[in-house]
Amino acid sequence: MVVSVRVRGQELIPIPVSNNSYPNPNPFFFFVSMRSTFTLFRSLTLSHSLPSLNRLTLSSPVLTRHRQFPRLSVSVEPQQAVRDSSEEEELPENEDFHFDRFSSAAATADLKKLPSPEVEVKELSELPEQWRRARVAWLCKELPAHKAGTLVRILNAQKKWMRQEDATYVIVHCLRIRENESGFRVYKWMMQQSWYRFDFALSTKLADYMGKERKFSKCREVFDDIIDQGRVPSESTFHILIVAYLSAPVQGCLDEACSVYNRMIQLGGYQPRLSLHNSLFKALISKPGISSMHYLKQAEFVYHQLVTTGLDIHKDIYGGLIWLHSYQDSIDKERIADLREEMLHAGIEEGREVLISILRACAKEGEVEEAEKTWFKLLQFESNPPSPAFVYKMEVYSKVGMPIKSLEIFREMQLKLGKTSVPAYNKIIEILCKAQETEFAESIMTDFVKSGLEPLTPSYFYLLNMYFNLELHDKLEETFSQCLEKCRPNCTIYSIYLDSLVKVGNIDKAEDIFNQMNRDGTIGVNARSCNIILSGYLSSGNHLKAEKIYDFMCLKRYEIETPLMEKLDYILSLRRKVVKKPISLKLSKEQREILIGLLLGGLQIDSDDHRKNHIIRFDFDGNSHSHHVLKSHLHRQFYEWLHPSCKPSDDSENIPDKFCSIVSSHFGFYADQFWTKGQPTIPKLIHRWLSPCVLAYWYMYGGHRNSSGDILLKIKGSREGVEIIVKRFKAMSMDCKVKRKGRVFWIGILGSHSTWFWKLVEPYVLEDVNYFPEAGDQTLVQESMATQDINFNSDSDE
């Protein structure tokens, strides 16, 4: 006999009813705690209603999915040579794009209109076996009251009698009473059983419920399970998962949302709702222009879908596309003209933000005539255009060789606006330095320094480069000294000064500067600086030191300039029987310690099917100042191990936020210890490897220091592994507390113990990372918000 009951918006497959009883019930079933009594009361009162989910909670950071080996395609994002995270010019005024009528709330509201498969499930009273009804009822009340580990142990104790129909009822019950986490855990347990058979309707319902709570990682797990079964997820699941990704302030979620959106159309053949198109497009243009410029193809795809499906196109779609095109390295003038023409036909007037985008495009192409027309239109909106508009107009005239005209525009901006922005100062100084207008550049630089605005580093770079080209080495040295007082120079600025010292023959001082660069982790040396000092040693006849630099460059696999190599070949042929070839790669002691610290902090290793060759993937948050400093340092530290696609061709500061190593068997030890079966693992011998250097890089890559000085270290792995680390900390006279948030453990070193921790790691912490969170550091602010609810004083585990 088969009985099916439809339960308001849900559906489970009909359950066959057996008349056989189950002998010898498990005694564990009969134990009911006081806490369970309350849970049972709650489940009984709520079991006949299905309230709508209106809780919008943020989930834990995105779980990194293990990628199939090998994947070596890594793109280097073009950036300015002297740009760092503290120097990004906030020229884009993309806050003008509002999409007021198409917020994420509209996308959420559209969920009610999307069809979803219904789940049919028997009512508990319809099960013919009394013992089975009693056990299932007990599980329904008991499981939501327990954490993941206990929940799995309880389920494992029921393996002898439990079947899919029983587990399905428990999952649906958990969803009814909004215990979605418990339902998800039961579902994952059910999948591991021998009797499991895929249920599309149940999987869809569970994925939708997890997505509605913004648990995007768990929603994605079920979503992938559906695809792995050869089924196409329902339109509602695609829609909910995209909205969940767009609602999460976690790095990488936007890329995942784009991927799911594309699969929704190409794999599922669905036509997304208008609100979803606009929500995704809004997210694509919500970042600064340099970050959003790489989403142009995706934005064009969204626009194409709107056009082909005949949906209304919001005015900000046109404006956003033009805005993205204006940030490209190569401007597609024809495409911009087509978009403007389409706006005209649609009866949409070009707004302020569109005109500024056109000015930006004109600045890159040197289109003076078009820029003047656009400027005239902009003046009709406001008599005093914003600072970025003046900056773009200055750049237009600099492209056609009229730097004095650019200076006049700069003075006009100061007169009309009454203030000068940092991008305006940097741009006019760049223009004047390239034109070698020394007096004007120095005068404006003096005003810039007096204004107290920051950062000054880009302008000092332009000045030093101008003095070097003009061979004004005395002024260059004086300006470099000023730069040391006013800001912190980067490797590029140090290299200019080093080159100047070599040109004037001051090799001893050049050697001191090179050694200082090499000692300072925040500056470092690169191929250019090594070639400069090598040329100095060769020109001064110091062949012994030239050989040492040559050996160092071979170790780091830096490219040696051809004229220098020709001289070296002759020198080495006299001193050595065979010209020394680049030595084989081997991790140094410092590199080994750094890797252990980074792996504890979340570094990822990919392995091939046989686990013989491995790739290390470095992933940094582009919005974090501390990660930017660490990224540059690690790029230099592991330069010889990096894949060629991850090395900037111009040897500048253009380091991507993501880069990877070459394929190597040297990383096998770390893959076996820290990444087993594609998941992060804490080695059993980790207590032997927790040196101050390891702790420092763990803190810099995956840690956090709050304003009160407490240290929080993030780690993924088993509880047993965390306990080993805690015992080691106690042996080092540092008491700590542990909290778990999802799959992430947070180790808190609080109060006076954090002071002792800091004394240990401070010699290894990069100087620019040693500061408290500031309002400008978005990542640290988000990290603070993510950890502020971790109460280390409570006894609970989560």
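Residues numbered from 1 in each chain as written. Predicted model: local features only at pLDDT ≥ 70, side-chain atom pairs only at ≥ 80, totals over all residues. Heavy atoms only, no water.

**Notes on a negative patch on the surface**
Where like charges cluster on the molecular surface, the negative patch consists of D332, E334, D338 and E341. Structurally, E334 can be placed in helix 15 (residues 333-345). (Patch = residues over 30% accessible without salt bridge, like charges linked within 9 Å, V, L, I, M, F, W, Y side chains within 5 Å. Areas by Shrake-Rupley, 256 points an atom, 1.4 Å probe, with all protein chains shown as cover. Salt bridge = Lys/Arg side-chain N within 4 Å of Asp/Glu carboxyl O. Lys, Arg positive; Asp, Glu negative; His and termini not counted. Charge placed at Lys NZ, Arg CZ, Asp CG, Glu CD. Helix = DSSP H or I, 4+ residues; strand = E, 2+ residues; numbered from the N terminus.)

**Some thoughts on the nonpolar core**
Counting 159 residues, the largest nonpolar core has V170, M190, F410 and L534 as its most contacted members. Ignoring any residue separated from it by four or fewer positions in sequence, one finds V170 in contact with V136, L139, C140, L143, M162 and V186. (Core = buried A, V, L, I, M, F, W, Y, C linked by side-chain atoms within 4.5 Å. Buried < 20%, exposed > 50% of the residue type's maximum accessible area, 1.4 Å probe, protein only. Contact = heavy atoms within 4.5 Å.)

**Side note on helix 26 (residues 527-540)**
Compared with an ideal rise of 1.5 Å per residue, which puts 14 residues at 20 Å, helix 26 spans 20 Å between its outermost C-alpha atoms and is within 8% of the ideal. Taken across its 14 residues, helix 26 has 10 buried, putting it largely inside the fold. Turning to helix 26, its buried residues are A527, S529, C530, N531, I532, I533, L534, G536, Y537 and L538. For helix 26, the N-terminal capping position is held by N526, with its side-chain oxygen 3.3 Å away from the main-chain nitrogen of R528. With its phi angle positive at about 80 degrees, G541 sits one or two positions after the end of helix 26. (Expected span 1.5 Å × (residues − 1). Polar contact = N/O pair within 3.5 Å; in protein donor to acceptor, adjacent residues only side chain to side chain.)

**Things to note about the packing of aromatic side chains**
For the coordinates displayed, the defined rule picks out 26 aromatic pairs. Aromatic pair Y558 and Y639: ring centres 4.7 Å apart, planes at 55 degrees, arrangement tilted. A residue pair is termed long-range when its members are at least 10 positions apart, and Y558 in the loop between helix 27 (543-556) and helix 28 (562-575) and Y639 in the loop between helix 30 (625-637) and strand 5 (658-660) qualify at 81 residues. Plain terms: the ring middles of Y699 and W758 are 5.3 Å apart, the flat faces sit at 85 degrees to each other, and that makes the pair edge-to-face. With Y699 in helix 32 (residues 692-702) and W758 in helix 34 (residues 752-761), the pair connects residues that are 59 residues apart, well separated along the chain. As far as burial versus exposure is concerned, Y699 and W758 are alike and both buried. Among the aromatic residues, those joined into a cluster by ring pairs are F618, F620, F638, F659 and Y701. Against the face of Y397 rests K405, its NZ or CZ located 5.5 Å from the ring centre. Across the ring face of Y639, the terminal group of K647 is positioned such that the distance to the ring centre comes to 4.6 Å. (Phe/Tyr/Trp six-rings, centres within 6.5 Å; stacked < 30°, edge-to-face > 60°. Lys NZ or Arg CZ within 6 Å of the ring centre and 35° of its normal.)

**A few points about the pairing of strand 4 (residues 614-619)**
Consecutive side chains along a regular strand alternate between the two faces of the sheet. Taking burial as the measure, the six residues of strand 4 include five buried ones, the bulk of the element. Summarising the sheet, strand 3 (residues 604-607) and strand 4 pair through four bridges and their orientation is antiparallel. In the strand pairing of strand 4, D606 is matched with I615. Hairpin connection of strand 3 to strand 4: six residues between the antiparallel strands, including R611 at a positive phi of 55 degrees. (Pairing = 2+ DSSP bridges.)

**Structural notes on the confidence of the model for the chain**
Confidence in the prediction of the chain, expressed as mean pLDDT, is 81, and 79% of residues score 70 or more. Looking over the chain, one finds the lowest element-wise mean pLDDT in helix 1 (residues 34-46), namely 35, and the highest in helix 20 (residues 422-434), namely 96. Within the model, pLDDT remains below 50 along residues 1-95, and this stretch shows 235 contacts once partners closer than five positions in the same chain are excluded. Contacts for the low-pLDDT stretch residues 794-798, under 50 throughout, to residues beyond four places or in other chains number 12 contacts. (pLDDT = per-residue confidence, 0-100.)

**Quick word on the state of the cysteines**
By definition, a disulfide links two cysteine residues through a covalent bond between their sulfur atoms. The tally for this structure, following the rule as stated, stands at zero disulfides. Free cysteine: C487, not disulfide-bonded; nearest cysteine sulfur from C483 at 3.5 Å. (Disulfide = S-S within 2.5 Å.)

**Comments concerning the packing of helix 14 (residues 315-325) against helix 15**
Packing of helix 14 against helix 15 brings their axes to within 10 Å, and their N-to-C directions diverge by 165 degrees. Classed by the angle they form, the pair helix 14 and helix 15 counts as roughly antiparallel. Handedness of the helix 14/helix 15 crossing: left-handed. In this structure, helix 14 uses Y318, L321, I322 and H325 to contact helix 15, whose residues at the interface are R335, I336, L339, R340, E342 and M343. Residue classes in the contact of helix 14 with helix 15 are distributed as six nonpolar, one polar and three charged. (Axes fitted to C-alpha atoms, helices over the stretch in contact; angles between N-to-C directions. Parallel < 35°, antiparallel > 145°, perpendicular 65-115°, else oblique. Left-handed = near helix turned anticlockwise from the far one by under 90°. Nonpolar A, V, L, I, M, F, W, Y, C, P; charged D, E, K, R; others polar.)

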